[in-house]
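Coordinate analysis (summary)
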Amino acid sequence: MGQIEPIFWLVPAAAVLALLFAWYFFRSMMRADEGTPRMREIALYVRRGAMSYLRQQYKVVLIAFIVLAAFFSVLAYGLGVQNGWVPFAFLTGGFFSALAGFIGMRTATFASARTANAAQHSLNAGLKVAFRSGAVMGLVVVGLGLLDISIWYLVLNGLMEAPSPEQKMVMITTTMLTFGMGASTQALFARVGGGIYTKAADVGADLVGKVEAGIPEDDPRNPATIADNVGDNVGDVAGMGADLYESYCGSILATAALGASAFMGSGAMQFRAVIAPMIIAAVGILLSIIGIFLVRTKEGASMKQLLGSLNLGINVSAVLIAAATFLILWLLNLDNWALISCSVIVGLVVGIIIGKSTEYYTSHASKPTRRVSEAAKMGHATVIISGLGMGMISTAIPVIAVVLGITFSYLFASNFDFSNFSMGLYGIGIAAVGMLSTLGITLATDAYGPIADNAGGNAEMSGLDPEVRRRTDALDALGNTTAATGKGFAIGSAALTALALLASYIEEIKIGIERLVANGAEVIATLPKDVSDGIVSGTQSIHDATIADFMDWFSVNLMNYKVLVGVFIGSMLAFLFSGLTMNAVGRAAQRMVEEVRRQFRMIKGILEGTGTPDYARCVAISTKGAQVEMILPATLAILIPIITGIIFGVAGVMGLLVGGLGTGFVLAVFMANAGGAWDNAKKYIEEGNFGGKGSDAHKAAVTGDTVGDPFKDTSGPSLNILIKLMSMVSIVMAGLTVSFSLL
């Protein structure tokens, strides 16, 4: 076993601490009163529906994982073009991602009624229950993520063999990257399936209940209302948890792999560069816990004050991790530690800017969303046009923030040496780690949203005092903004993580070539003959090759048609994927609308409140629709990078990843912000503005919200997983790509 410095043990210790605090918050929530028998009954309906959906989804995902693990086993043990650890790493990545989603969902479904009951006492009591229940999700994600990374590092360090300790470190980090594909695959199924489920139920409930029947949101007379509440947990808790688990692990692992390469030949310095992102993440857990305890508010708080309460916890954690980073890298005695610390600060700042930008464009306290509300006075078409235009404009700030983040993190880490690619890319990777270092609390603010939404639904269906619903509506409106902010944050982190993974792909190509040479296989024909002959004869060293060498060897430049073909395919895939998921929501929603209309016609007394709707039937329709509709988009996301690599080789794959990253990032920001603005524009009108509930403006706003639902909760959030999954698939398939390509 290679030597492990004592500071490494802070990583698994922080992971265990996160899980202990998650358990503490869960037990505290469970000790709270769930309310009246009616409140308990409604919560049970939602909980059963959510667990039923997860069971069905995990059955489908299990089949997919078995098939993929078998395929990777053939590549590893049959063809010898892949590391033998990959099938096992892939399975563990998927398992921990699914486990994080399951725990978060279970917590949320227990917390909603307790939040509603706490809101009977005060706004602060409701916020405390909802937020700390959301914190369970945040702490479970970071705890399981670091635990998985720690275990794999220890296993590979003990069992993997290599010609030298430094080469071993490179092999360990690139192998660990492959468990990210398991997390990405699970996250995609969770996001796409959950998004289709929740929006099919939401659209059905809104179009037939609100618009046609004229009954309030979350009215127990609406057959789709339970499915709608289930969907909030399915999409924004389990889906978001799996998504950010994958981003969190991906950024740490990609940066570790880049550190192993950048500090090659530096002895112990290489180990410190590898564990630096892990240590930053570990300290981030400790500071996130401090931030969680700072969140509280006062009775009658305004939206601005509620946002301030959440931002206090987030900002304190961010400031503390910024200061701690300098201490961590100084203690590690990392070369250029001060400027690398600045790269981490850049990542934190970019995350804050994206969050603030999203908050500005989606909060109904801000001008852009109020303009969308005002456009609703003129009709359905104008509210759609206004939301689309605002969403497009809203992409500017996040894109500029990411561009500046990439530039400055590269320059700081490379000590302003533009030619030092390895160190510059390490800086970009560690900036992504910085952005996600306080994920424990930032994810808590996101998971809190659906808990507050469900609490409002429970209060409405249970017939609680209108003051309780007013409090839960305030928490829900805040949840919409935090959810939109969380989506923007997830998309921004995906951009930096995907860029780090793009550089890691080259490292995996290097390992793939070494494996082929070691196995006596012929090096791929796409390498220049002099390079190929030199590698085989030993006169050309792969270890000494730089990223620029690989770009030259594989002709990765804009004059190579393979790169251009890949760029077009990657850009197209972002739109194709979005279109497939949007249409999937439309088809599933259509079936839901038909079912709700059927029940209104066939079950006597529903609208009068004397008949009981068949809630289970609507839950079953959403569950089945989500399972069927998620298969094609998820399959394409996995197959297209493999096919592109087989046909167009390394150059084609690089183009694919660049095209998918650029287009997918901008499209995801647009869809998330447009959807968030439409949602809060409707809520602004429901507060009594522009005619209030039931007015023509409100009906137009409901149409905008209905269009925006799959934008912000299905297609948009799924895109950030798509761009990372393509990178992960390409990394895992690197051995096949370098050993075989048609063109």
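This one's a predicted model, so the numbers in the text were calculated from it and none came from an experiment. (Residues numbered from 1 in each chain as written. Predicted model: local features only at pLDDT ≥ 70, side-chain atom pairs only at ≥ 80, totals over all residues. Heavy atoms only, no water.)

Quick word on the overall build of the protein chain
The helix and strand inventory of the protein chain stands at 23 helices and zero strands. By the compact-globule yardstick of 27 Å for 743 residues, the protein chain fits well, its C-alpha radius of gyration being 25 Å. Considering only C-alpha atoms, the protein chain reaches an extent of 85 × 50 × 40 Å along its principal axes. Burial statistics for the protein chain: of 743 residues in total, 65% are counted as buried. In the protein chain, 84% of the contacts between residues at least 6 apart in sequence involve partners at least 24 apart. A total accessible area of about 24,500 Å² is found for the protein chain, and carbon and sulfur atoms account for 65% of it. Across the protein chain, the 48 positively charged side chains and the 51 negatively charged ones have centroids separated by 7 Å. (Helix = DSSP H or I, 4+ residues; strand = E, 2+ residues; numbered from the N terminus. Rg over C-alpha atoms; globule rule 2.2 N^0.38 Å. Buried < 20%, exposed > 50% of the residue type's maximum accessible area, 1.4 Å probe, protein only. Contact = heavy atoms within 4.5 Å. Areas by Shrake-Rupley, 256 points an atom, 1.4 Å probe, with all protein chains shown as cover. Lys, Arg positive; Asp, Glu negative; His and termini not counted. Charge placed at Lys NZ, Arg CZ, Asp CG, Glu CD.)

Some thoughts on the side chain of Ser 718
Topologically, Ser 718 is positioned in helix H22 (residues 696–732). Given a relative accessible area of 0%, Ser 718 falls into the buried group. With residues up to four places along the chain from it excluded, the contact list for Ser 718 reads Leu 188, Arg 191, Val 192 and Phe 577.

Some remarks on the packing of aromatic side chains
If you walk through the whole model with that rule in mind, you get 25 aromatic pairs. The interplanar angle of 80 degrees and the centroid separation of 6.2 Å between the aromatic rings of Phe 21 and Phe 293 together place this pair among those described as edge-to-face. Within this pair, whereas Phe 21 is found in helix H1 (residues 10–31), its partner Phe 293 is found in helix H8 (residues 268–294), the two being separated by 272 residues in sequence. When the ring of Phe 71 is compared with that of Phe 72, the centres are 6.0 Å apart and the planes differ by 40 degrees; the resulting orientation is tilted. Accessibility expressed as a relative area gives 31% for Phe 71, which makes it partly exposed. Taken together, Phe 8, Trp 9, Tyr 153 and Phe 271 form an aromatic cluster joined through their ring pairs. (Phe/Tyr/Trp six-rings, centres within 6.5 Å; stacked < 30°, edge-to-face > 60°.)

Here's the deal with the environment of Val 650
Within the secondary structure layout, Val 650 lies in helix H21 (residues 631–686). Exposure remark for Val 650: the relative accessible area of 4% places this residue in the buried category. C-alpha separation for the pair Val 650 and Arg 617, spaced 33 residues apart in sequence, amounts to 49 Å. Apart from residues lying up to four places away in sequence, Val 650 is in contact with Tyr 505, Ile 509, Phe 554, Thr 737 and Val 738.

A closer look at the packing of H8 against helix H14 (residues 421–436)
Axes are the key here: two packed helices are described by the angle between their axes and the distance separating the axes. Viewed as axis vectors pointing N to C, H8 and H14 meet at an angle of 20 degrees, and their least axial separation amounts to 9 Å. In terms of orientation, H8 and H14 fall into the roughly parallel class. The hand of the H8/H14 crossing is right-handed. Between H8 and H14, the residues in contact are Ala 273, Ala 276, Pro 277 and Ile 280 and Tyr 426, Ile 430 and Val 433, respectively. By residue class, the composition of the contact of H8 with H14 is seven nonpolar, no polar and no charged. (Axes fitted to C-alpha atoms, helices over the stretch in contact; angles between N-to-C directions. Parallel < 35°, antiparallel > 145°, perpendicular 65-115°, else oblique. Left-handed = near helix turned anticlockwise from the far one by under 90°. Nonpolar A, V, L, I, M, F, W, Y, C, P; charged D, E, K, R; others polar.)

Overview of the confidence of the model for the protein chain
Low pLDDT means the predicted atomic positions in that stretch should not be read closely. On average, residues of the protein chain carry a pLDDT of 85, and 94% of them reach 70 or more. Predicted confidence in the protein chain is weakest over helix H17 (residues 529–537), with a mean pLDDT of 69, and strongest over helix H12 (residues 380–393), with 95. (pLDDT = per-residue confidence, 0-100.)

Brief notes about the layout of surface pockets
Computed from the structure, the second largest pocket encloses a volume of approximately 400 Å³. Forming the walls of the second largest pocket are 20 residues, and the residues nearest its centre are Leu 425, Leu 502, Ile 547, Met 551 and Met 654. Where the lining of the second largest pocket is concerned, the elements lending two or more residues are helix H13 (396–413), H14, helix H16 (466–518), helix H18 (547–553), helix H19 (561–602) and H21. Counted by class, the lining of the second largest pocket contains 18 nonpolar, two polar and no charged residues. (1 Å grid on protein atoms, 1.4 Å probe; cavity = no way out; pocket = protein on both sides within 12 Å on 5 of 7 lines; lining within 4 Å. Points joined across faces, edges and corners; volume = space filled by probe spheres on them.)

Focus: the nonpolar core
Leu 146, Tyr 153, Met 278 and Tyr 426 are the most contacted members of the largest nonpolar core, which has 247 residues in total. Ranked by residues supplied to this core, first place goes to H21 with 24 residues. One finds Ala 455, Ala 459, Leu 464 and Val 468 within the second-largest nonpolar core, a separate group that totals seven residues. (Core = buried A, V, L, I, M, F, W, Y, C linked by side-chain atoms within 4.5 Å.)

Considering the packing of helix H3 (residues 86–119) against helix H4 (residues 123–159)
In contact at an axis separation of 8 Å, H3 and H4 are set at 170 degrees when each is read in the N-to-C sense. Taken together, the axes of H3 and H4 lie roughly antiparallel to each other. Along the lines of polarity and charge, the residues of the contact of H3 with H4 split into 18 nonpolar, eight polar and two charged.

Side note on the environment of Leu 725
Residue position: Leu 725 is located in helix H22. Overall, Leu 725 belongs to the buried group, its relative accessible area being 0%. Residues Leu 725 and Ala 183 lie 542 residues apart in sequence; the distance between their C-alpha atoms is 8.9 Å. Ignoring sequence-local partners within four residues, the contact set of Leu 725 consists of Met 181, Ser 184, Thr 185, Leu 188, Glu 246, Ala 637 and Ile 638.

Structural notes on the side chain of Ser 715
Checked against the element boundaries, Ser 715 lands in helix H22. Those residues in contact with Ser 715 that sit more than four places away from it in its chain are Ser 578, Thr 581, Met 582, Met 671 and Pro 710.

Notes on the pattern of salt bridges
Going through the model one piece at a time under the given rule, you end up with 21 salt bridges. We note a salt bridge from Arg 38 to Glu 41, for which the minimum N-O separation is 3.2 Å. Here Arg 38 and its partner Glu 41 are both found in helix H2 (residues 37–78), three residues apart, which amounts to about one turn of the helix. Since its relative accessible area comes to 29%, Arg 38 is described here as partly exposed. Residue classification places Glu 41 among the partly exposed residues on the basis of a relative accessible area of 34%. Taking the shortest distance from any N to any O, the salt bridge between Lys 712 and Asp 679 comes out at 3.4 Å. One end of the pair, Lys 712, is in helix H22; the other, Asp 679, is in helix H21, and 33 residues separate them in sequence. (Salt bridge = Lys/Arg side-chain N within 4 Å of Asp/Glu carboxyl O.)

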